[in-house]
Every structure is written in structure tokens, then in C-alpha cells.
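# Coordinate inspection notes
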Amino acid sequence: DQSVEYAIDVPANRYDLLCMEGMARALRIFLGLEKTPAFTLVEPAKRLKMTVESDSTDAIRPFCVCAVLRGVSFEDPRVYNSFIDLQDKLHQNICRRRTLVAIGTHDLDTLAPQFTYRAEPRDSIDFVPLTETEKSWTGRKLLDHYRTAPECKHLKPYTGIIYDAPNYPVIRDAKGTVLSLPPIINGRHSRIQPSTKNVFIECTATDETKANVVCSTVCAMFAEYCGFRVEPVDVEYVKNGSVTRVETTPQLAARTMTAPLRDVRGVVGLTDNELTPDAACALAEKMQLAPARYDSTKDEVSVSVPVTRSDILHAVDVAEDIGIAYGYNNIPETLPRTTTTGRPTRLNGFSDLLRDEVARAGYVEVLTHGLCRLDEQFDKLRHDDGKDKAVVLSNPASEEFEIVRTSLLVGALKTLECAKAHSVKEGLKLFEVNDV
């Protein structure tokens, strides 16, 4: 075989390059062979609806995002394999091994709309999973099987996500047919086959933002097989018998972002003559940020960010893409205008000398976190000196990081607690030199 294979490193945040369709599209746009596509939502004769029973799902996987692709053909094995492969790669990447998002794709023509997403007692769920041909399993027995069966070892890592929960999430159609048991497995009844034409996509999640990104990515990558047209689905959240909100998904609208041209030149390292306004717009469009326009009154470039570029979050991301399109190897090498020699401040220099001397005396240096619990810093040390002056976080990530430490003693004691199982003949001698 004389065929040439290329190995391409894809950045972790470029989900649109994880499949054959996305990679080919990006290359064709970069080479000017086609323009960035515009994705449109097509209103069907009767919009499908997914009802989320939040009373039961809030405790395990509270969110759901859906979409429909009509007229897709999977007769080409490459398309079918790419469709499955993209889901696997997204599960390993942004979905964080299905803990944040789990993707389910189904043959819509085998189902009876409308759909319901709820959490049911694990032994009351009975269906034929995708891994079987005829045998039906209940929820808990199926997960026990996946944990022990060698042929299902690829599913074993996901069973722990819901294994101990009393209720398992499940999606059913109007006839009660099980579409999927997220985040583990789809039902065999609605499996995708080469003959499938209409695809129903559902993403259950613990993070709604990432669910929208994942669903939009799957739609955008394979919408090229149906004219870049996607059918929306109404996701209705119901709690205590009342509708709390209705979300229309997927979200395919483009975003507008601006970047000062002066900042773009500064980030990339180009002069006014090397990066003109027209050139900056052309380079942005090569990276799918189209259309790009230059506003001379504000000296800034305005770009349209498609749904496939969820990695564009700030003006510096626009500057980075322009730099990539320009070519890092094409940026002229210049000497800095100023030359400086770095050196530590007097305090840092003295701290380093102090660390060296204490370490030579037989002490082990520890490096602890600068944030700690409020009660650990004062109540557990039985003092309140400086408590009223401590810097308290208004939105701590957890109760372990409530205040900025006022003493290094808490970190040393917590380190000692974690190391008390170690057998040290002469005891533990710890020290830390750091800021408070």
C-alpha cells in the first residue's frame, strides 16, 4: 500500500477537528476552496418535544439537549464510522468520560414522538441494550454485567457514574420504548444503521453549557449531509407538575466578537505594514471567523464566530487565530527594544537563603495552599486575632477555600495530619517559608 497517512496534532479545545468532516472543511476553508457555512434551524411541520421531569433528574443528571438531522445517509462506511468516532472522541474530551455529558443518537423513524427524560428505580428499567441482540436487562443487572463481562470492558469505566444511585436516568418515547440509559448505553431498538435517514440526537448532562457545545458540534459536523439544515427540539423542564422553563435546542446562532487591531498586531508581533486591516480580515476568514469586518473609527476587527468555534472566548483568541493563519514561521525575528536581566527581589533572595539553611538542618519543606477554611484558621486554633481583618472570598469554590491564610501553622498541621501514617524514627520536622 503506497497511500500516505498524515498524523495531525489537534488542540484539545478544537472539537470541530475531531472528525473527518470537520478536518476536511477546515482545510478547504483555509485554502479558500469554500466559504464558512451558515447553519440554519428549519422549522418542521410539528416540532418535537423532550419533557424533562426535574423532580427525579435533578439529583443525578439534570439537563438535556436535543436536535434532529433529516436526510442523512450512512451508506458510506466512512461516514458511519466517522459519526461513531466523533461521539467517542467527544466523550473522552469535553464530556470528561461521560461524567459531564453523554451523547445518544437514534434512528428517529423507529421511534414514537414525543419523548420523556426521567429517573426511574433501577430495577424497573427493562430493555434490550445496544450490546445485545434479544436479551433484555434491568438497570442494575446490566451494570453488573458490564462490570464483569470481558467483551464489555470498554463500558466498565462508566458504570460507576450512576451505579450506586437508587434511580437511573432513562429516556423513553411516547410508547414507553427505552431510547437510552445515559450515560451508559443506548437501546438496540433505535440504533443507528446504514439505512438510517433521520437522526434524533439527545445529550444528557450535569453541565448545560457543555451539553449545548457537544450537541451543536455533532449537528454542525454532519449537517453538511443535509444542506447544513438542523431541526430544533423543544426541551420542556417540568417540576411539581408545572413547566419551569422551555429551551429550544440546538443553539446554532453565530456570535460577534471584536478585537482591537493594535492589540492583534502586538500579540502576533507584526507592524502596521506587515498586518494591514484587509489582511487581518482575510486571515480571520481563513480560520472560519467569517465574515470579518474592519471598523476604521474604532480601529478594530469584528468577526462572526460560528457555533463550531466554541474555543473563541476572548479578543486574544481572535489574535491567536490571525497569527496561526499568518504563519508563526513567517513572523519576522526582531531584537527586543530593551534588554533586562532578571533577578530575585531582596525578600525572595533572603527567603531562598533561609530555605537552604533550614533544609540543611534536617527539616523537610512543605508547600501548602494559600487559601483555607475559616474555622481552621481561627476556631480550631482557639484564637481570633486578626479574624476581623482576614480576606474572605465572596464565592469560594468549596468550603476548603474560604479565606486567605493569615498564618502558615494551619498548612503545617494539615500536612502533619496527612503524614501521620508514615513511620519516622525521629519524628517529622517540617517547615514552610511563604506569604501570608
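A brief report on the enclosed structure follows. (Residues numbered from 1 in each chain as written. Predicted model: local features only at pLDDT ≥ 70, side-chain atom pairs only at ≥ 80, totals over all residues. Heavy atoms only, no water.)

This part takes up the overall build of the chain. What the chain contains, in helices and strands, is 12 helices and 21 strands. Taking 22 Å as the expected radius of gyration for a compact globule of 436 residues, we find that the chain reaches 28 Å, considerably beyond that expectation. If one aligns the C-alpha atoms of the chain with their principal axes, the spans along those axes are about 75 × 65 × 55 Å. Evaluated residue by residue, the chain yields a buried proportion of 42% over its 436 residues. Within the chain, contacts between residues at least 6 apart in sequence are counted, and of these 71% link residues at least 24 apart. (Helix = DSSP H or I, 4+ residues; strand = E, 2+ residues; numbered from the N terminus. Rg over C-alpha atoms; globule rule 2.2 N^0.38 Å. Buried < 20%, exposed > 50% of the residue type's maximum accessible area, 1.4 Å probe, protein only. Contact = heavy atoms within 4.5 Å.)

A word on the sheet that holds strand 16 (residues 292-295). Ordered in space as 15-17-16, the 3 strands form an open sheet in which the pairing is antiparallel. Here the strands that pair on one side only, and so sit at the sheet edges, are strand 15 (255-260) and strand 16. Across this sheet, the average inter-strand angle for adjacent strands is 25°, counted without regard to direction. With 4 bridges joining them, strand 16 and strand 17 (residues 300-305) adopt antiparallel strand pairing. Within the sheet, the bridge partner assigned to Y294 lies in strand 17 and is V301. Helix 7 (residues 261-268) rests against strand 15, strand 16 and strand 17 of the sheet, and its axis sits at about 70° to strand 15. Packed onto the sheet, helix 9 (residues 315-326) meets strand 15 and strand 17 and runs at close to 75° relative to strand 15. (Pairing = 2+ DSSP bridges. Axes fitted to C-alpha atoms, helices over the stretch in contact; angles between N-to-C directions.)

With that settled, the discussion passes to the pairing of strand 14 (residues 242-249). Both strand 13 (residues 233-239) and strand 14 contribute to a ladder of 7 bridges, which runs antiparallel. Of the residues in strand 14, the one forming a bridge with K239 is S242. The turn linking strand 13 back onto strand 14 is made up of 2 residues, and N240 within it adopts a positive phi angle of 55°.

Remember that the coordinates give geometry; whether it matters functionally is a separate question.
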